[in-house]
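Fold and contact review
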Amino acid sequence: MARVALVTGGQRGIGAAISEKLKEQGRTVVASFAGNEAAAQAFTERTGIPCKRFDVSDFEQCQAAVASIREEIGPIEILVNNAGITRDNTMKRMDRKAWDEVIDTNLGSCFNLCKLLWDDMSARKFGRIVNIGSINGQAGQYGQVNYAAAKSGIHGFTKALAQEGARFNITVNAIAPGYVDTEMVRAVPEDVLQKIIGRIPVGRLGRAEDIARGVAFLTADDADFITGSTMSINGGQHMY
Ligand code: NDP
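In short, a report on the structure.

Rules behind the numbers
- Residues numbered from 1 in each chain as written.
- Predicted model: local features only at pLDDT ≥ 70, side-chain atom pairs only at ≥ 80, totals over all residues.
- Heavy atoms only, no water.
- Near = heavy atom within 4 Å.
- Polar contact = N/O pair within 3.5 Å; in protein donor to acceptor, adjacent residues only side chain to side chain.
- Areas by Shrake-Rupley, 256 points an atom, 1.4 Å probe, with all protein chains shown as cover.
- Axes fitted to C-alpha atoms, helices over the stretch in contact; angles between N-to-C directions.
- Helix = DSSP H or I, 4+ residues; strand = E, 2+ residues; numbered from the N terminus.
- Parallel < 35°, antiparallel > 145°, perpendicular 65-115°, else oblique.
- Left-handed = near helix turned anticlockwise from the far one by under 90°.
- Contact = heavy atoms within 4.5 Å.

In the vicinity of the ligand there are 29 residues, among which Gln-11, Arg-12, Tyr-147, Val-180 and Thr-182 approach most closely. Contacts to the ligand include Asp-55, whose side-chain N or O atom sits 2.8 Å from a nitrogen atom. Within the side chain of Tyr-147, an N or O atom sits 2.5 Å from an oxygen atom of the ligand. The fraction of the free accessible surface of the ligand (900 Å²) that becomes covered by protein chains is 92%.

This part takes up the packing of helix H1 (residues 13–24) against helix H9 (residues 208–219). Contact pair H1 / H9: the axes reach a minimum separation of 8 Å and the direction vectors enclose 45 degrees. For the element pair H1 / H9, the angle class is oblique. In the crossing of H1 with H9, the sense of the turn from one axis to the other is right-handed. Counting all contacts with H1, which are made through Gly-13, Ile-14, Ala-17, Ile-18, Lys-21 and Leu-22, the residues of H9 involved are Ala-208, Glu-209, Ile-211, Ala-212, Arg-213, Val-215, Ala-216 and Thr-219.

This is how it looks when you write it as structure tokens:
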């Protein structure tokens, strides 16, 4: 039986490429999303991958979604915590809401889904978890104290949980993408984007497929000796 993989935010951007890559590897993939029904419908029509709508920052919604996927498709053995948002602002202007939303969506979601899948994964003695961090969680970024804190938190979360998962054959790794050509990055003003590209040694933005390749590698059945690591996929922009 094909292993079931859940990719949060898996119907567009980096997540869509991850979902497609895992399907190509023979996984049974479910993509989650927050509210963009049009993107979800188009994605399912194009790929045949089902999409499930729930808010990853809400524990109860995650609980209901995990239960229904388990019942309809099977227990989730591969989890990619990819859903993420930005609410950029300087400290002077950032309000508490922008802080909470970013922490809850980017980092709280990792707790919610790992917590809800942990018993199943440990009982089955198999789990592959990949958390999508960011270069800005490693290096920091002006106007992103919320996002940098959440993404940096993901890297600590990954290392701690990897230690708990090791004896159950649950690996927990992170990927720290550099700047990838998705809607999130297209929202960056053009002049700022050109400066960013100028600082990337390979001279281009990343492609979603560049990140998907890393996820496929880390979630392979025989990748059981790789845990607690952070894979930087950033065109050489930040070496850490
Ligand atoms: P996009 O903005 O293109 O897509 C975000 C995805 O996350 C969407 O599917 C969205 O669903 C989903 N999502 C957002 N909030 C929630 C929520 N509360 N509950 C469930 N799903 C949610 O993002 P990217 O593809 O650019 O980024 C993917 C990940 O990679 C993020 O974690 C991001 O921080 C990280 N990253 C991205 C980089 C980049 O350059 N693009 C660089 C480094 C890291 P919906 O479509 O319904 O809104």
